[in-house]
Amino acid sequence: MSKLLAALSPAPSGWSATTACCNWKNVNCDSTGRVTSIKFVSQGLSGTLPSDLKTLTQLTSLSLQSNSLSGPIPPLANLSSLQQLYLDNNNFTSIPYGFFQGLTSLQILTLTQNIDLAPWSIPTELTQATSLRTFYASNARLLGLSHNNLTGPLPKSFGGSGIKNLWLDYQLNGLSGNINVLSSMTQLYQAWLHKNQFTGPIPDLSNCTSLFDLQLRDNQFTGLIPASLTSISSLKNVSLDNNFLQGPYPKFPSGTKVTLDGINSFCLTTPGLACDPQVTTLLEIAAALEYPIKLASSWSGNNACNQWTSVICDSQGTIITVNFGKLGFVGTISPAFTKLTSLRNLYLNDKSLTGSIPAGLANMTSLQLLDVSNNNLTGLIPNFASAVKLVKSGNPLLGINTPSGSGGSGGSSPSNGTTNNGNPLLGITPASGGRSSSSSVSPGTIAGIVIAVVVFVVLFIWIICYLRKRHSRFGSVKNGKEVIMNIGGSNVVISIEVLRQATNNFSEDNILGRGGFGVVYKGELYDGTKIAVKRMKSVAMSCRGMKQFDAEIAVLTKVRHRHLVALLGYCINENERLLVFEYVPEGTLTQHLFQWTTGRVTTKVDVYAFGVVLMELITGRKALDDTMSDEGSQLVPWFRQILINKENIPNAIDQTLNPNEETMESIYKVVELAGYCTTHESYQRPNMGHVVSILCPLVEQWKPTCHEEEHTCSIFHGEEDTYGIDPHMSLSLTLDR
């Protein structure tokens, strides 16, 4: 400890050579006087750590982060008690051989932001750290991870780093995602990424002016080879074999060794020649869809009419139909579609497209059908000709002229000075070619009102006829044994004679199931209507049983939903109570639940429910809302569509929140968390511990808002505010109080 004191400049506060080290500030010792922890964080210390630290055999925690320490990291091998080692944000220059040897208790190791470290590899002895749970080494010149089992995408922290040699080839199951981060790794000299599962196009690497060796073979790259790649003068070795690359065959300088063999799908075999115009256009369209591999694997050659997936041509070899429907592509609708001047049918439905419909599509004279349903499109709708059939349902934000900027500012107001007054569809205008009228009602509006009135009248008549038909279905109700009651404005009492006839006198063969309060029978009315009759046990007609019966009547007669079995009627026969429901032929809910959840029942159902609650809080909407259109009535699928594009989130949140820029950052985190909580597969959902860890920092940074109309406002006075809460206390401690 004396050598450590001598090596640091300035000396840490509270450290003195004249006092025992166990009395030094931020130093803890055990009962025998052995040092167990050292902590000096962000103290502005410099110097080189002495190699004698390895003699602190009882050391469990060493926290040296965020200083200016330099030189080699001292050897800490065989410190079997060491659990936490924080060395990040310093200027260390090297990691000694055998540094990780014998660190069997190590749980946390952070080396991030040590940009002066010499390139190093994770050694095999790190496998001895069987307790290791957290390992951070971004921007720490780490390399040499070939022939391992790393998975997932390249970390964004690689961008702007000083990494020169990136060796991540031959991963057992393969790294995945795109490699866009390479474009900002300007010090890159070697990139070995072959034998993985990387996808997407090769990025522009023109800023990597020192790049010498690029190995990208045996992946799933798609799209065109960027022209900039052939112009990097330092690049001498390139392997691009066995991908799904498309477009013109690239022409590299004569001094560059290039391999392009295998399954690539270049349109021609002669370097430098352009592709057919229709092929070029389709590749532009694919670029907006992030070059999906489904297209890249089948779009081969220089003739788009030669069995290209999703493309139909006429007898003249001209593209007339493009059908991308239900292929699950992501991205945007490319304006390049307008170059296909003979295009008649364009199917873009049931995908995950974002952005707007290009206005140029409305000028395509041959277009007859455009289907963009069930996506996540936004913006205004172009003014298509009347001959074009436009299918656009399932895009909750499409056609809404939302104001630009945050907080609702930046949008234009109606010219007549009126507001929307809570009507979400007011202010919808065509993107082009539309005409406005500020003083008269358009013929289209009048026609719409007339149609609405006609529909309402027809619907009203149908409801009356339906109710009369249902009433007659049960026959007359006999007084005496049955007590006639009025529920929801109509008599729905069914005689016991009708139910006995319908269930074959409650035959054992008609039993559908048994419950705590009785038996459920299948029945059939004289007109063929299938029913389910719940016959409550006579012995159960205690006070509790009567309350159960009354509760079911009260709830089921008020609730009407397409996903709930409807109550058709009830019967009171002396001590018997019976409920009559619609018959569900697919079996019981229990059967469906256990069939669906076989092997998948987890404790994360509560996480899903919590995610739905978060969605309700964020949007101000109900989980199920029959007043909305079909595609918007269920909150979770609607909300998850919104999540596809972060730009849609401000338009989807409850506007009464009126968030500022800082608050929006918190909302984005909660929105993302809600999405994770409601993923379809339970194993992909976080546990509640993780949910709490995400929300706690947001709670701790919250401060109450003081409105002028409120009588009181929470103002911090010293250690506690007017509500008795200590603003400096952590959330967990506050909850404990």
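As a starting point, this report considers the structure included with it. These figures come from a predicted structure and were not determined experimentally. (Residues numbered from 1 in each chain as written. Predicted model: local features only at pLDDT ≥ 70, side-chain atom pairs only at ≥ 80, totals over all residues. Heavy atoms only, no water.)

**Some thoughts on the overall build of the chain**
This is how the line gets drawn: Secondary structure counts use DSSP, requiring at least four H or I residues in a row for a helix and at least two E residues in a row for a strand, with both numbered from the N terminus. Burial classification: accessible surface area is computed with a 1.4 Å probe over protein chains only, and a residue below 20% of its type maximum counts as buried, one above 50% as exposed, and the rest as partly exposed. Per-residue and other accessible areas follow the Shrake-Rupley method at a 1.4 Å probe size, with only the shown protein chains counted as cover for residues.
Counting its secondary structure elements, the chain contains 13 helices and 38 strands. Taking all 737 residues of the chain together, the buried fraction comes to 39%. For the chain, the accessible surface area stands at approximately 40100 Å², while carbon and sulfur atoms represent 53% of it.

**Side note on the packing of aromatic side chains**
Defined as follows: The pairing test for Phe, Tyr and Trp rings, Trp by its six-membered ring, is centres within 6.5 Å, and the orientation test on the planes gives stacked under 30 degrees, edge-to-face over 60, and tilted for anything in between.
Throughout the structure, instances matching the rule amount to eleven aromatic pairs. Note on Tyr-189 and Phe-212: the rings are 5.3 Å apart at their centroids and 5° apart in plane angle, and the pair reads as stacked. Highlighted residues: Tyr-189 in the loop between β14 (176-177) and β15 (190-192) and Phe-212 in the loop between β16 (197-200) and β17 (213-215), separated in sequence by 23 residues. Overall, the relative accessible area of 27% leaves Phe-212 in the partly exposed class. The rings of Trp-299, Trp-308, Phe-324 and Phe-329 are connected pair by pair, giving a single aromatic cluster.

**Looking at the pairing of strand β24 (residues 319-323)**
Operational definition: Two strands are said to pair when DSSP picks up at least two bridges between them.
Counting buried residues in β24 gives four out of five residues, a clear majority hidden from the surface. In this sheet, β24 lies alongside strand β23 (residues 311-313) in antiparallel orientation, the contact comprising three bridges. Within β24, the position partnered with Ile-312 by the bridge is Thr-321. The turn linking β23 back onto β24 is made up of five residues, and Gly-317 within it adopts a positive phi angle of 80°. Strand direction decides the pairing type here: β24 and strand β26 (residues 345-347), joined by three bridges, are parallel.

**Some remarks on the packing of helix α8 (residues 605-619) against helix α9 (residues 635-643)**
To keep things clear, this is the line we draw: Here, axes are lines fitted to C-alpha atoms. For helices the fit covers the stretch in contact, and angles between N-to-C directions go from 0 to 180 degrees. Should an angle fall under 35 degrees it is called roughly parallel, over 145 degrees roughly antiparallel, and 65 to 115 degrees roughly perpendicular, with every other angle called oblique. Two helices cross in a left-handed way if the nearer one is turned anticlockwise from the farther one by less than a right angle. They cross in a right-handed way if the turn is clockwise. We call two residues contacting when some pair of their heavy atoms lies within 4.5 Å. Ten residue types, Ala, Val, Leu, Ile, Met, Phe, Trp, Tyr, Cys and Pro, are classed as nonpolar, four, Asp, Glu, Lys and Arg, as charged, and the remainder, Gly among them, as polar.
It is the contact of α8 with α9, at a shortest axis distance of 11 Å, that shows an interaxial angle of 70°. Between α8 and α9, the crossing angle belongs to the class labelled roughly perpendicular. In terms of crossing hand, the pair formed by α8 and α9 is left-handed. Note on element contacts: α9 touches α8 through Leu-635, Val-636, Trp-638 and Phe-639, opposite Tyr-608, Val-612, Met-615, Glu-616, Ile-618 and Thr-619. Across the contact of α8 with α9, the residue classes break down as eight nonpolar, one polar and one charged.

**Some remarks on helix α11 (residues 661-677)**
In plain terms, the rule: Multiplying one less than the number of residues by 1.5 Å gives the expected span of a helix. Whenever a nitrogen or oxygen atom comes within 3.5 Å of another N or O atom, the pair is scored as a polar contact, on the condition that within protein one atom can donate a hydrogen and the other can accept it, and that pairs from neighbouring residues in sequence are kept only if both atoms are in side chains.
In this model, α11 (17 residues) spans 25 Å end to end at C-alpha, consistent with the 24 Å of a helix rising 1.5 Å per residue. Every buried residue belonging to α11 is among Met-664, Ser-666, Ile-667, Tyr-668, Val-670, Val-671, Leu-673, Ala-674, Gly-675 and Cys-677, and all of these are buried. Measuring from the side-chain oxygen of the N-cap residue of α11 to the backbone nitrogen of Thr-663 gives 2.7 Å; that N-cap residue is Asn-660.

**Considering helix α2 (residues 277-288)**
Across its twelve residues, α2 extends 17 Å between first and last C-alpha, which sits within 8% of the 16 Å expected from 1.5 Å per residue. Its buried side turned inward, α2 meets β18 (220-224), β20 (244-247), β23, β24 and β25 (330-332). Where α2 begins, the capping side chain belongs to Asp-276, and its oxygen is found 2.9 Å from the backbone nitrogen of Gln-278. Phi for Glu-290, located one or two positions after α2, is positive at around 65°.

**Here we look at the sheet that holds strand β22 (residues 265-266)**
Sheet architecture is open: five strands sit in the order β14-β16-β18-β20-β22, paired in parallel fashion. Looking along the sheet, the strands with just one partner apiece sit at the ends: β14 and β22. Where β16 meets β18, two bridges bridge the pair, whose relative direction is parallel. Its bridge partner being in β18, Thr-199 is matched across the sheet by Gln-220.

**Details of the packing of α9 against α11**
The relative placement of two packed helices comes down to the angle between their axes together with the axis-to-axis distance. Where α9 meets α11, the closest approach of the two axes is 10 Å, and the angle between their N-to-C directions is 125°. As judged from the angle between their axes, α9 and α11 are oblique. Remark: the crossing between α9 and α11 carries left-handed chirality. Of the residues in α11, those in contact with Phe-639, Arg-640 and Leu-643 of α9 are Val-671, Ala-674 and Gly-675. Its residues assigned to classes, the contact of α9 with α11 shows four nonpolar, one polar and one charged.

**Remarks on the nonpolar core**
Across soluble globular proteins, nonpolar side chains have a tendency to be buried as a group. Stated precisely, the cut-off is as follows: Grouping buried Ala, Val, Leu, Ile, Met, Phe, Trp, Tyr and Cys residues that are joined through side-chain atoms within 4.5 Å yields what is termed a nonpolar core.
With 38 residues, the main nonpolar core has Phe-324 and Phe-337 as its most contacted residues. Contributions of two or more residues to this core are made by α2 and β24. Excluding residues within four positions of it along the chain, Phe-324 makes contact with Ile-285, Leu-289, Leu-295, Trp-299, Ser-310, Phe-329, Phe-337, Tyr-347, Leu-348, Asn-349 and Lys-351.

**What to know about the environment of Gly-328**
Examined against the element boundaries, Gly-328 turns out to sit in the loop between β24 and β25. The exposure class assigned to Gly-328 is partly exposed, which follows from its relative accessible area of 47%. Separated by 21 residues in sequence, Gly-328 and Asn-349 have C-alpha atoms that sit 8.9 Å apart. Dropping the residues within four chain positions of it, Gly-328 is found in contact with Asp-350 and Lys-351.

**Description of the environment of Ala-17**
Counting through the fold element by element, Ala-17 comes out in the loop between β1 (8-9) and β2 (27-29). When the C-alpha atoms of Ala-17 and Lys-3 are compared, they prove to be 10.0 Å apart, with 14 residues separating the residues in sequence.

**Looking at the pattern of salt bridges**
Stated precisely, the cut-off is as follows: Within this document, salt bridges are pairs made up of a side-chain nitrogen of Lys or Arg and a carboxyl oxygen of Asp or Glu, the two lying within 4 Å of each other.
Under the defined criterion, the tally for this structure stands at five salt bridges. Taking the shortest distance from any N to any O, the salt bridge between Arg-217 and Asp-218 comes out at 2.7 Å.

**A few points about the state of the cysteines**
So the rule is basically this: Pairs of cysteine sulfur atoms within 2.5 Å are identified as disulfides in what follows.
Here the structure, examined in full by the defined rule, presents three disulfides. In this model, Cys-267 is linked to Cys-275 through a disulfide, with the two sulfur atoms separated by 2.0 Å. Measuring handedness by torsion sign, the sulfur bridge of Cys-267 and Cys-275 sits at about -80° and is left-handed. The same class applies to Cys-267 and to Cys-275, which are both buried. In the chain, the cysteines engaged in disulfides, taken in order along the sequence, are linked 1-2, 3-4, 5-6.

**Some details on the sheet that holds β23**
Strand order in the open sheet formed by five strands is β23-β24-β26-β28-β30, and the pairing between neighbours is mixed. Each of the sheet's edge strands pairs with one partner strand only, and the pair in question is β23 and β30 (389-391). Averaged over all pairs of adjacent strands, the angle between strand axes in this sheet comes to 10°, irrespective of strand direction. Sheet topology places strand β28 (residues 369-371) next to β30; three bridges connect them, and they run parallel.

**Here's the deal with unusual backbone geometry**
A cis amide bond, omega -10°, links Ser-9 with the succeeding residue Pro-10. Structurally, Pro-10 is set in the loop between β1 and β2. Within the chain, Asn-78 stands out as a residue other than glycine whose phi angle is a positive 70°. Position of Asn-78 relative to the elements: it lies in the loop between β6 (68-72) and β7 (84-86).

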